[in-house]
Amino acid sequence: SIGLITYMRTDSTNISAEAIGDARRYIQKNIGEKYLPEKPNYFTSRAGAQEAHEAIRPTDVDLTPGGLKQYLEPDQFRLYEIIWQRFVACQMSPVEWDITAVEIQAQTSQGVCVYRAAGRVLVFDGYTRIWATGTTEQQLPEMKFGQQVNAVDITAEQHFTKPPARYTEASLVKALEKEGIGRPSTYASIISTIQDRKYVEQIDKKFHATDLGEVVTDKLIDFFPKLMDVAFTRHMEEQLDKIESQHLDWRDVLNEFYGPFKQNLEQAGEEMKHAKAETRPSEYNCPNCGKQLLYRFGKNGKFLSCSGYPVCKFTSPCDAQGKMVKDEPTEHKCPKCGKPMVKKLGRFGAFLGCSDYPNCKTIQRIDKQGNVKPPAAPPQPTGLKCHKCKEGELVIRQSKRGPFMGCSRFPKCRTIVSIKNLEQLKDLQAKGQWPPQTDEQTEKLPGKNEKAKPTKKKASSR
């Protein structure tokens, strides 16, 4: 086994002279002399970058993504391909464009009209031969003076001022970098945390604040205004860097932060209500008792609840805009009691539920078109005992990635075993060697270390 990339928790752009030499040699030999600049390209790190390590790069430029593909999992391959391409491209010649302005004359009923277009024409592809980049700038074909052109389409468009685009994962990372918040090693955890805690949700790969996220943000701004200030976060990052370089006493930094924070924390402990305990009035009235319905927060998000709770326990789901979602009658009949099924909205989307609920609790899954999905196939027994809980049996279940073996006592026992080992485990059980009795025996299970690692010799030979 070998390491394919250098240390990944760094935002340094510094590259060693040896690595630059290897990259230039590879470009000259495999891409072409014209793609190699006369002198190496050097890059300056942004202010505050931690340069204890080199930039993220391949350990050996000759280990190309194509040569390693058979040894890597799909996600590993895509990541390595990005790192390898970016590294090689950074030592290649720049792209060359001809900036072009075109004037097209046309005879119309109003006289001669002139249409203007501006764009650029690609002259030399440079580093984009390896690292393709997108652009919103118009790209024009090659044209000559006096050339005749035909109108394909003429469209009149009206443009309006648009609000700033919503953040995507990439644009949010750029905003964090610009504001000096966090480090490359923390960006992934920041994006993961705000989604795991339901502060934001992704719709079409763009972040949208949830109701819970808005309430939490408002409360934090009210009780911790300094902590929520972007400038304060940037200031603390700078102070921590100064502590690291031994130019500042950590005790002074801690006292500067903790004094005001302790006061805010004590005040919040006395006055702040839990975000999920907050209620907001709605425009709806309870169909059971007539009292006003309130917006509340639960584990599945915002919903409507009667203000007369606990005397009246009426609740109803609502959509992202706060509109009440009413049960829709359907033509389907309950397979158990024969009564009509109604379309409901639950934690995992729309489903069909019996109209006689709670007397009949039958539910059915539906697809996007509202058609009833066939019931999932029951787990298939294997006769193998679960080696972890020693009580359940391994059964074959189906998932999006195919069949697998899991414990029949799920969710109390979450053991998962590869389906590839089914016959081997049956042989072990027939010999009295299954289930294993000790951790040492468990570590020797089939498939525990079956992933092959690339070796430098094999990878280089491709």
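Note that this is a predicted model, so its numbers are computed, not measured.

Visitor: Quick question: what am I supposed to make of the overall build of the protein chain here?
Guide: Across its full length, the protein chain holds eleven helices and 16 strands. What you see for the protein chain is a C-alpha radius of gyration of 31 Å, clearly larger than the 23 Å of a compact globule of 462 residues, by over 25%. In terms of its C-alpha atoms, the protein chain occupies a principal-axis envelope of roughly 80 × 80 × 65 Å. Among the 462 residues that make up the protein chain, the fraction classed as buried is 28%. Carbon and sulfur atoms make up 51% of the accessible area of the protein chain, which amounts to about 32900 Å² in all. In the protein chain, 70 side chains carry a positive charge and 57 a negative one; their mean positions are 8 Å apart.

Visitor: Could you clarify how one ought to interpret the pairing of strand E9 (residues 328-333) in this entry?
Guide: Side-chain direction in a regular strand flips from residue to residue, so the side chains alternate between the two faces of the sheet. Counted residue by residue, E9 has zero buried out of six residues, so it is predominantly exposed. Both E9 and strand E10 (residues 340-346) contribute to a ladder of three bridges, which runs antiparallel. Each bridged residue has a counterpart across the sheet, and for Lys-333 the counterpart in E10 is Pro-340. In textbook terms, the turn of a hairpin is the stretch between consecutive antiparallel strands, and for E9 and E10 this stretch comprises six residues, one of which, Gly-338, has a positive phi near 85 degrees.

Visitor: Got a minute to help me understand the packing of aromatic side chains in this structure?
Guide: Pairs of aromatic rings are described using the distance from one ring centre to the other and the angle between the two planes. By the definition in use, this model includes six aromatic pairs. Ring geometry for Phe-257 against Phe-261: centres 5.2 Å apart, planes inclined by 15 degrees, an arrangement best described as stacked. In this pair, Phe-257 and Phe-261 are both assigned in helix H8 (residues 250-271), four residues apart and thus about one turn of the helix distant. You can call Phe-257 partly exposed: its relative accessible area is 23%. Relative to Phe-261, the ring of Tyr-258 has its centre 6.3 Å away and its plane inclined at 50 degrees; by these criteria the two rings are tilted. With a gap of three residues between them, Tyr-258 and Phe-261 both fall in helix H8, about one helical turn apart.

Visitor: How do you make sense of helix H1 (residues 17-31) when you look at a structure like this?
Guide: Here H1 spans 20 Å end to end across 15 residues, near enough to the 21 Å set by a 1.5 Å rise per residue. Buried-residue contacts for H1 involve helix H3 (74-89). Note on H1: the residue one or two positions beyond its end, Gly-32, has a positive phi of about 140 degrees.

Visitor: Hey, could you run me through the pattern of salt bridges in this one?
Guide: Side chains that differ in charge, positive against negative, can pair when their charged atoms come close. Following the criterion strictly, the structure yields nine salt bridges and no others. A salt bridge links Arg-129 to Asp-125; the shortest N-O distance between them is 4.0 Å. Among the residues examined, Asp-125 registers a relative accessible area of 21% and is labelled partly exposed. Here Arg-409 ties to Glu-391 by a salt bridge, and the two come within 3.6 Å at their closest N and O atoms. One end of the pair, Arg-409, is in the loop between strand E15 (402-407) and strand E16 (416-417); the other, Glu-391, is in the loop between strand E13 (380-385) and strand E14 (393-399), and 18 residues separate them in sequence. By relative accessible area, Arg-409 is classed as partly exposed at 27%. For Glu-391, a relative accessible area of 54% corresponds to the exposed category.

Visitor: Please explain the sheet that holds E14 as it appears in this structure.
Guide: Sheet strands associate in pairs through backbone hydrogen bonding, adopting either a parallel or an antiparallel arrangement. Spatially, E13-E14-E15-E16 is the arrangement adopted by the four strands of the open sheet, whose pairing is antiparallel. For this open sheet the edge positions go to E13 and E16, each flanked by a neighbour on one side alone. Relative to E15, E14 runs antiparallel, the two sharing six bridges. Bridging across to E15, Ile-396 finds its partner in Met-405. Here helix H9 (residues 422-430) sits on the sheet and contacts E13, E14, E15 and E16; the angle it forms with E13, its principal contact strand, is near 45 degrees.

Visitor: Looking at this structure, I do not really get the nonpolar core. What am I missing?
Guide: Residues Ile-31, Phe-87 and Val-88 are the most contacted members of the largest nonpolar core, which totals 26 residues. At the level of elements, H1 and H3 are the ones that each hand at least two residues to this core. Other than its neighbours up to four places away in sequence, Phe-87 contacts Ile-15, Ala-19, Ala-23, Arg-57, Pro-58 and Val-61.

Visitor: I keep staring at the sheet that holds strand E8 (residues 315-317) and nothing clicks. Help me out?
Guide: Pairing within the open sheet is antiparallel, and its four strands lie in the order E5-E6-E7-E8. At either margin of the open sheet sits one strand with a lone partner, and together these are strand E5 (280-285) and E8. Between one strand and the next, the sheet's axes are offset by a mean angle of 40 degrees, whatever the strand orientation. The pairing of strand E7 (residues 301-306) with E8 spans three bridges and is classified as antiparallel.

Visitor: What is the right way to read the pairing of strand E4 (residues 206-209) from this model?
Guide: With four bridges connecting them, strand E3 (residues 200-203) and E4 associate as antiparallel partners. Paired with Ile-203 across the two strands is Lys-206, which belongs to E4. Where E3 folds back onto E4 in an antiparallel hairpin, the turn is made up of two residues, including Asp-204, whose phi is positive at roughly 55 degrees.

Visitor: It is not clear to me how a nonpolar patch on the surface should be interpreted in this structure. Could you clarify?
Guide: Side chains of Ile-104, Tyr-115, Val-149 and Ile-154 sit close together on the surface and give an oily, nonpolar patch of about 360 Å² of accessible area. Along the chain, the position of Ile-154 falls in the loop between strand E2 (111-124) and helix H4 (169-179).

Visitor: Quick question: what am I supposed to make of the state of the cysteines here?
Guide: A covalent bond between the sulfur atoms of two cysteines is referred to as a disulfide. Per the stated rule, a full pass over the model turns up zero disulfides. Considering cysteine sulfurs only, Cys-407 is the nearest to Cys-413, which forms no disulfide, with 3.7 Å between them. Judged by relative accessible area, Cys-413 falls into the buried class, the value being 7%.

Criteria and thresholds
Residues numbered from 1 in each chain as written. Predicted model: local features only at pLDDT ≥ 70, side-chain atom pairs only at ≥ 80, totals over all residues. Heavy atoms only, no water. Helix = DSSP H or I, 4+ residues; strand = E, 2+ residues; numbered from the N terminus. Rg over C-alpha atoms; globule rule 2.2 N^0.38 Å. Buried < 20%, exposed > 50% of the residue type's maximum accessible area, 1.4 Å probe, protein only. Areas by Shrake-Rupley, 256 points an atom, 1.4 Å probe, with all protein chains shown as cover. Lys, Arg positive; Asp, Glu negative; His and termini not counted. Charge placed at Lys NZ, Arg CZ, Asp CG, Glu CD. Pairing = 2+ DSSP bridges. Phe/Tyr/Trp six-rings, centres within 6.5 Å; stacked < 30°, edge-to-face > 60°. Expected span 1.5 Å × (residues − 1). Contact = heavy atoms within 4.5 Å. Salt bridge = Lys/Arg side-chain N within 4 Å of Asp/Glu carboxyl O. Axes fitted to C-alpha atoms, helices over the stretch in contact; angles between N-to-C directions. Core = buried A, V, L, I, M, F, W, Y, C linked by side-chain atoms within 4.5 Å. Patch = residues over 30% accessible without salt bridge, like charges linked within 9 Å, V, L, I, M, F, W, Y side chains within 5 Å. Disulfide = S-S within 2.5 Å.

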